[in-house]
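Working through the structure, step by step
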Amino acid sequence: ERRFGSGEPGWHVMTFHAETDAEVHADYWEIHTEADELVVCLSGELRLYLRTAVGDDPGVALTTGHAMVVPRGTWHRITLTRPSDIMSITFPRGSRLEQRD
């Protein structure tokens with residue numbers, strides 16, 4: 001398990017372009033313990049998965065202009081259907097990554 005985030009107070013708005021699953025750490029689950037996270041597909045197409053008590057969900061496809069809120073304390077991950085521009089907004093303090101089995 002890896003922790004990340006600056007530890008500084010405040011929300012972080014991040015936009016980035018991803019060509020491969022490796023660029024969105026698809027092999028890792030991510031969690032934000034301090035706040036929800038808004039994930040927006042600015043262009044392209046991605047799939048957002050939530051980890052539940054009964055197993056992984058089938059994921060939600062996000063295409064250009066669509067967004068999803070990941071509730072605080074929910075393990076989640078992203079895969080790309082095609083190269084995408086992505087925006088995320090969250091409070092990163094206390095965020096962690098865990099290798100996917």
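Look a little higher up for the structure.
The model shown is predicted, which means the values in this text are computed figures rather than measured ones.

**Description of the overall build of the chain**
When its secondary structure is counted, the chain shows zero helices and nine strands. Counting from the amino terminus, the chain carries its helices and strands in the arrangement β-β-β-β-β-β-β-β-β. Computed over the C-alpha atoms, the radius of gyration of the chain is 13 Å, within 12% of the 13 Å expected from 2.2 N^0.38 for a compact globule of 101 residues. When the backbone C-alpha atoms are referred to their principal axes, the chain occupies close to 30 × 30 × 20 Å. Burial analysis of the chain (101 residues in total) assigns 39% to the buried set.

**Considering the pairing of strand β4 (residues 37-52)**
Bridge count for β4 against strand β7 (residues 67-70) is four bridges, and the pairing is antiparallel. Bridging across to β7, Val39 finds its partner in Met68. The pairing of β4 with strand β8 (residues 76-90) spans 11 bridges and is antiparallel. Along β8, the bridge assignment pairs Val39 with Ser88. Pairing between β4 and strand β6 (residues 60-63): four bridges, direction antiparallel. Within the sheet, the bridge partner assigned to Leu48 lies in β6 and is Val60.

**Notes on the packing of aromatic side chains**
Enumeration over the complete set of coordinates arrives at one aromatic pair. With centroids separated by 6.0 Å and ring planes inclined at 75 degrees, the aromatic side chains of Trp11 and Phe91 adopt a geometry described as edge-to-face. Note that Trp11 is positioned in the loop between β1 (2-4) and β2 (12-18) and Phe91 in the loop between β8 and β9 (95-99), a separation of 80 residues in sequence. By relative accessible area, Phe91 is classed as buried at 14%. Lying across the ring of Trp29, Arg77 places its NZ or CZ 5.4 Å from the centre.

**So, the side chain of Glu45**
Mapped onto the elements, Glu45 comes out in strand β4. Exposure remark for Glu45: the relative accessible area of 18% places this residue in the buried category. Side chain to side chain, Glu45 and Arg82 meet in a polar contact 3.2 Å long. Excluding its chain neighbours within four sequence positions, the residues that come into contact with Glu45 are Ala61, Leu62, Thr63, Leu80, Thr81, Arg82, Pro83 and Ser84.

**Focus on the layout of surface pockets**
Estimated volume of the largest pocket: approximately 330 Å³. Along its surface, the largest pocket is lined by 18 residues, and Met14, His25, Glu30, Glu37 and Ser88 are the ones closest to its centre. Of all the secondary structure elements, the ones that give two or more residues to the lining of the largest pocket are β2, β4 and β8. The element that contributes the greatest number of residues to the lining of the largest pocket is β8, accounting for five residues. For the lining of the largest pocket, the class distribution of residues is eight nonpolar, six polar and four charged.

Calculation criteria
- Residues numbered from 1 in each chain as written.
- Predicted model: local features only at pLDDT ≥ 70, side-chain atom pairs only at ≥ 80, totals over all residues.
- Heavy atoms only, no water.
- Helix = DSSP H or I, 4+ residues; strand = E, 2+ residues; numbered from the N terminus.
- Rg over C-alpha atoms; globule rule 2.2 N^0.38 Å.
- Buried < 20%, exposed > 50% of the residue type's maximum accessible area, 1.4 Å probe, protein only.
- Pairing = 2+ DSSP bridges.
- Phe/Tyr/Trp six-rings, centres within 6.5 Å; stacked < 30°, edge-to-face > 60°.
- Lys NZ or Arg CZ within 6 Å of the ring centre and 35° of its normal.
- Polar contact = N/O pair within 3.5 Å; in protein donor to acceptor, adjacent residues only side chain to side chain.
- Contact = heavy atoms within 4.5 Å.
- 1 Å grid on protein atoms, 1.4 Å probe; cavity = no way out; pocket = protein on both sides within 12 Å on 5 of 7 lines; lining within 4 Å.
- Points joined across faces, edges and corners; volume = space filled by probe spheres on them.
- Nonpolar A, V, L, I, M, F, W, Y, C, P; charged D, E, K, R; others polar.

Limitation: the analysis is restricted to geometry and does not speak to function.
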